[in-house]
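A look at the structure
Take a look at the letters that make up each chain.
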Amino acid sequence: MSDQTAYTEIANELSKVVENGTEAEARQFIMNHFKELPDEIQRSLALDVFQEALEEEVAKQDMLVELRKEAADVINGLADNEVSE
Amino acid sequence: MESSFLRKHANRVEDAAKAKNAGTTPEKETDDQPTIGQIIRSDSKAFGQMLESQGNPELIATMTRYQKGEPTEADIKNLTANVNLFLETKERIEKLDSFLSNSTDHLRERSEKFKEFSKIFGVEGIDGVLKQGLAEMAYADPARFKKIETYFSKLEKSEKTLDDPESPVNKTLTDFCKKHNLNEDTLLAIMDEQNDALRDSKIASLLHGQLTTFQKFFSWKRSRENASEAAAISGLKTQMDQMLGQDELLAKQSGDYLVALISKNDTWRSALVRTQSDKQPTFKQGIDTKTGFDEIRDDMNPDLKKIGKWWPQYLHNQGINNFAGASPVAQSALRDRFKRDYTNNMMKEAAKKGGFWATVWKFLFAQKMNSSEIDALLK
């Protein structure tokens with residue numbers, strides 16, 4: 001079987017899952033058949049997942065920095081409050 | 001602009017260009033900077049992708065003149081500027097590679113999806129795949145590459161902020177923990193507790209030990225949010241009395257503040273997300289909206305009517321007046337190019353936001369474009 005025929009087959013199967021299944025089912029199908037996808041698509045999907053993980057990490061770090069700032073503000077305010085009491 | 005075309009003609013072109021330009025402005029050659037010809041020879045694919053990504057038809061004319069050995073002074077200037085851009089991009093890729101090697105382990109710990117992907121390629125394999133992918137992206141999709149660079153730079157900045165022992169915020173938090181004898185191990189155990197009820201009970205138990213401090217802490221916080229400070233302080237005692245009888249409420253609120261006090265400890269950070277699983281953190285910035293799974297279902301099938309209408313127009317725009325008279329190889333190449341262009345065009349509508357599902361869409365759509373039904377229309 002040629003690469004192209006194999007890609008067409010896997011695409012047909014995946015299409016059915018995407019059209020009729022859930023997102024989780026489609027993702028699982030992709031993971032189960034990942035090595036059967038064209039190299040270019042494998043690389044592209046890996047980059048997509050990497051970028052999403054990177055973006056989430058940046059957002060979590062931003063949030064953590066904000067939370068710590070807020071906590072420090074509260075603590076400093078508490079200290080002022082204690083002094084005024 | 002085909003990169004293989006560039007490679008094919010590179011040797012001949014450089015010689016011809018030098019000869020032709022003997023009386024005009026020659027391409028500058030220095031010991032430390034490669035010439036246009038050298039770049040075309042050694043990095044033809046990447047250089048071609050970079051030029052193509054600029055979407056400037058004039059560049060095709062420029063390259064054609066260069067390859068014929070007939071570049072104008074403006075052509076040489078233009079290509080030299082692009083060689084410089086190419087070399088700068090190469091340096092940026094190397095810099096990003098060094099960040100990448102340090103960050104993939106960390107990201108694997110932090111993202112289940114990325115961890116899953118790493119397993120498919122293997123730890124070293126995924127690094128290689130990403131390096132190759134990012135290098136291609138730098139030339140073919142510079143805007144996206146810039147975005148990745150920005151994320152790395154943000155990550156580096158926030159890591160520095162969190163790790164800086166001299167930062168006033170970090171000092172305040174460290175002093176607070178010391179002053180109130182907050183045991184990090186106890187806090188860690190609490191934040192790591194996955195059973196909600198047990199976690200709340202542990203928090204409540206800890207807080208009863210630290211009651212005065214924490215109640216003042218919560219009350220002051222509330223006073224800032226809900227009332228004037230004077231009123232809040234006057235009502236402080238009442239609030240404290242009420243809170244004493246409300247362990248559940250106290251535990252819930254304390255969870256929020258303990259979260260805010262979480263240190264730089266990685267396990268705590270993971271616990272942060274887990275403990276708030278019912279209330280996922282609101283990301284104020286940083287995450288781009290991507291094409292979603294539901295979105296790609298709508299436009300998964302090529303529109304045969306549209307293709308039938310576009311094809312003759314495409315041939316006309318390509319200057320092809322007698323497609324049937326072209327050789328089978330030329331016909332096949334033209335069909336392939338049309339399919340690629342049509343798919344890219346449709347992608348701008350169906351999966352324009354990019355991301356995982358956009359890539360899936362592109363794969364599925366491109367495969368559907370290879371059907372005999374479509375081929376029958378392209379004649």
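Just above sits the structure.
Reference entry: report on the structure contained in this document. (Residues numbered from 1 in each chain as written. Chains lettered and ligands numbered in written order. Predicted model: local features only at pLDDT ≥ 70, side-chain atom pairs only at ≥ 80, totals over all residues.)

1. Structural notes on the overall build of chain A
- Within chain A one finds three helices and zero strands.
- When its helices and strands are written in sequence order, chain A yields α-α-α.
- Taken over 85 residues, chain A has a buried fraction of 36%. (Helix = DSSP H or I, 4+ residues; strand = E, 2+ residues; numbered from the N terminus. Buried ≥ 20, exposed ≤ 12 C-beta atoms within 10 Å, placed from the backbone.)

2. Topic: helix α20 (residues 356-368) of chain B
All names here are of chain B.
- In this model, α20 (13 residues) spans 19 Å end to end at C-alpha, consistent with the 18 Å of a helix rising 1.5 Å per residue.
- Across the 13 residues of α20, 12 count as buried, placing the element largely inside the fold.
- Among the residues of α20, those classed as buried are F356, W357, A358, T359, V360, W361, K362, F363, L364, F365, A366 and Q367. (Expected span 1.5 Å × (residues − 1).)

3. Considering the nonpolar core
- With 56 residues, the main nonpolar core has A46, V49 and F50 of chain A together with L134, V360 and W361 of chain B as its most contacted residues.
- When residues in this core are grouped by element, the largest group, nine residues, is from α20 of chain B.
- Each residue touching F50 of chain A, except ones within four places of it in the same chain, is listed here: F114 and L130 of chain B. (Core = buried A, V, L, I, M, F, W, Y, C linked by C-beta atoms within 7 Å. Contact = placed C-beta atoms within 7 Å.)

4. Comments concerning the packing of helix α1 (residues 3-20) of chain A against α20 of chain B
- It is the contact of α1 of chain A with α20 of chain B, at a shortest axis distance of 9 Å, that shows an interaxial angle of 120 degrees. When the axis of α1 of chain A is compared with that of α20 of chain B, the two are oblique. As α1 of chain A packs across α20 of chain B, the resulting crossing turns out to be left-handed. Contacts between α1 of chain A and α20 of chain B involve Y7, T8, A11, L14 and S15 of chain A from the former and F363, L364 and Q367 of chain B from the latter.
- When grouped by side-chain class, the residues that make up the contact of α1 of chain A with α20 of chain B number five nonpolar, three polar and no charged. (Axes fitted to C-alpha atoms, helices over the stretch in contact; angles between N-to-C directions. Parallel < 35°, antiparallel > 145°, perpendicular 65-115°, else oblique. Left-handed = near helix turned anticlockwise from the far one by under 90°. Nonpolar A, V, L, I, M, F, W, Y, C, P; charged D, E, K, R; others polar.)

5. Section: helix α18 (residues 304-317) of chain B
Residues and elements named next belong to chain B.
- Helix length check: α18, at 14 residues, gives a terminal C-alpha distance of 20 Å against a target of 20 Å (1.5 Å per residue), a fit within 8%.
- If you look at α18, its biggest bend is around 30 degrees, right at W310, and the proline P312 turns up within four residues after that.
- Positive backbone phi, at 75 degrees, marks G319, one or two positions downstream of α18. (Bend = angle between axes of the 7 residues up to and from the residue.)

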